[in-house]
Amino acid sequence: MTLADRYARVKASLPPQVKLIAVSKTRTVAEIQALYDLGQRAFGENYPQELRDKQPLLPADIEWHFIGHFQSNKVKYIAPFVHLVHAVDSTSLLDELEKRAAAAGRTIGFLWQARIAREETKHGLPIDELSTMIQRSAGSTRWPHLVARGLMGMASNTDDTAQVDREFAALAELFRTLRASGFVDPERFTELSMGMSSDLRQAITHGSTMVRIGTAIFGERSRT
Ligand SMILES: *Cc1c(COP(=O)(O)O)cnc(C)c1O
């Protein structure tokens, strides 16, 4: 299958309200340009320096999503142009993002990352801790250049589809609860970023609004 075939197949599987983020980590500028030429505009990257190096070589109207985990000291590489930061799991990261957004004269949207997978991972916060952090930050004037746009999560990498269902259901429930709670602005807190190549359909069933797809569009990666 060609890139165009794979892209068409992924797009055909998405309901119109679900946004496709093409995950282009490790892909060359030429590969990204080829997908752009097929019409894709939203791309996701995981590594700040890689994104910083690719961005100026590609069309200016690409909407760049930062989907990886990163240290505060790397925020400066992407703050001047990034559209949405998907994986925020600490207020210290928000403090740094705020500083860099202000310096760039921009307002930057972000998603809180929940840790829903069973696997051991340092990234994201367990649902109850995340809920507490969001409630504590509600109404804060500490981040005037940032806008909380929703939640992001990654399900376990497993063939156990019931497990993946439980994880997506838990994230979707937190999303609904928060939107109804008054702790977030439901007009702006509208995005639920969940679903990758392997669990795209399940994520959609549970109400995903953004899917992050790499392999199913570009093919297997030689490194992660
Ligand atoms: C790599 C990555 C993806 C895409 O994974 P595929 O399996 O290639 O679709 C999605 N989200 C995050 C956070 C990633 O790191």
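Now for a quick tour of the structure. (Residues numbered from 1 in each chain as written. Predicted model: local features only at pLDDT ≥ 70, side-chain atom pairs only at ≥ 80, totals over all residues. Heavy atoms only, no water.)

A word on the side chain of Arg 212. Inspection of the secondary structure puts Arg 212 in strand β8 (residues 210-213). Within polar-contact distance, the side chain of Arg 212 engages the side chain of Ser 193 at 2.9 Å. Beyond its immediate chain neighbours, meaning those up to four positions away, Arg 212 contacts Ile 21, Val 23, Ile 67, His 86, Met 152, Gly 153, Met 154, Ser 193, Met 194, Gly 195, Met 196 and Ser 197. (Helix = DSSP H or I, 4+ residues; strand = E, 2+ residues; numbered from the N terminus. Polar contact = N/O pair within 3.5 Å; in protein donor to acceptor, adjacent residues only side chain to side chain. Contact = heavy atoms within 4.5 Å.)

The next thing to look at is the nonpolar core. As a rule of thumb, soluble globular proteins bury nonpolar side chains together. Within the largest apolar cluster, 58 residues are counted, with the highest numbers of intra-cluster contacts made by Phe 43, Trp 112, Leu 151 and Ile 217. Per-element tally for this core: the top contributor is helix α7 (residues 161-181), with 7 residues. Judged by nonpolar contacts, the second largest core, of 7 residues, contains Ala 42, Leu 84, Leu 111 and Met 152. (Core = buried A, V, L, I, M, F, W, Y, C linked by side-chain atoms within 4.5 Å. Buried < 20%, exposed > 50% of the residue type's maximum accessible area, 1.4 Å probe, protein only.)

Before going further, it helps to spend a moment on the environment of Ser 181. Turning to its location among the elements, Ser 181 is positioned in helix α7. For Ser 181, a relative accessible area of 32% translates into the label partly exposed. Considering only alpha carbons, one finds Ser 181 and Asn 73, 108 residues apart in sequence, at a separation of 33 Å. A distance of 2.6 Å separates a polar side-chain atom of Ser 181 from the backbone oxygen of Leu 178.

Contacts to the ligand come from 13 residues, most closely from Lys 25, Asn 46, Ser 197, Thr 215 and Arg 221. In this structure, an oxygen atom belonging to the ligand sits 2.7 Å away from a side-chain N or O atom of Lys 25. Contact between the ligand and Gly 214: an oxygen atom at 2.8 Å from a main-chain N or O atom of the residue. Computed on the free molecule, the ligand has an accessible area of 390 Å², of which 91% lies beneath the protein chains in the complex. In this structure the site holding the ligand corresponds to the largest pocket. The class makeup of the residues in the shell around the ligand is 6 nonpolar, 4 polar and 3 charged. (Near = heavy atom within 4 Å. Areas by Shrake-Rupley, 256 points an atom, 1.4 Å probe, with all protein chains shown as cover. 1 Å grid on protein atoms, 1.4 Å probe; cavity = no way out; pocket = protein on both sides within 12 Å on 5 of 7 lines; lining within 4 Å. Sits in = over half its atoms within 2 Å of the grid points. Nonpolar A, V, L, I, M, F, W, Y, C, P; charged D, E, K, R; others polar.)

Across all of its chains, the model carries 3 aromatic pairs by this definition. Judged by centre distance (5.9 Å) and plane angle (45°), the ring pair of Phe 43 and Trp 64 falls under tilted. Of this pair, Phe 43 sits in strand β2 (residues 42-45) while Trp 64 sits in strand β3 (residues 63-66), placing them 21 residues apart in sequence. On the accessibility criterion, Trp 64 (2% relative accessible area) is buried. When the ring centre of Tyr 36 is taken as reference, the NZ or CZ atom of Arg 41 above it lies at 3.6 Å. If you follow Arg 52 out to its NZ or CZ, it ends over the ring of Tyr 77, 4.3 Å from the centre. (Phe/Tyr/Trp six-rings, centres within 6.5 Å; stacked < 30°, edge-to-face > 60°. Lys NZ or Arg CZ within 6 Å of the ring centre and 35° of its normal.)

Before going further, it helps to spend a moment on the layout of surface pockets. Put simply, the largest pocket is a space of about 910 Å³. What lines the largest pocket is a set of 36 residues, among which Lys 25, Met 154, Ala 155, Asn 157 and Met 196 lie closest to the centre. Each residue belonging to the lining of the largest pocket can be placed in one class, and the counts come to 12 nonpolar, 16 polar and 8 charged. Quantified by volume, the second largest pocket comes out at close to 400 Å³. If you go around the second largest pocket, you meet 18 residues; those closest to its centre are Ser 137, Gly 139, Leu 146, Val 147 and Ala 148. Put simply, the parts of the chain that give the lining of the second largest pocket at least two residues each are β5 (108-114), α6 (127-137) and β6 (146-153). In the lining of the second largest pocket, the residues fall into 13 nonpolar, 3 polar and 2 charged. (Points joined across faces, edges and corners; volume = space filled by probe spheres on them.)

Counted under the stated rule, the structure contains 9 salt bridges. Here Lys 99 makes a salt bridge to Glu 96, at a shortest N to O gap of 3.4 Å. With Lys 99 and Glu 96 both in helix α5 (residues 91-104), this residue pair falls 3 residues apart, about one helical turn. Judged by its relative accessible area of 13%, Glu 96 is buried. In this structure, Arg 149 and Glu 191 form a salt bridge, with 3.6 Å as the shortest nitrogen-oxygen distance. Separated by 42 residues along the polypeptide, Arg 149 in strand β6 and Glu 191 in strand β7 (residues 191-193) bring together distant segments of the chain. Classification of Arg 149 as partly exposed rests on a relative accessible area of 27%. Taking the relative accessible area as the measure of exposure, Glu 191 reaches 15% and is therefore buried. (Salt bridge = Lys/Arg side-chain N within 4 Å of Asp/Glu carboxyl O.)

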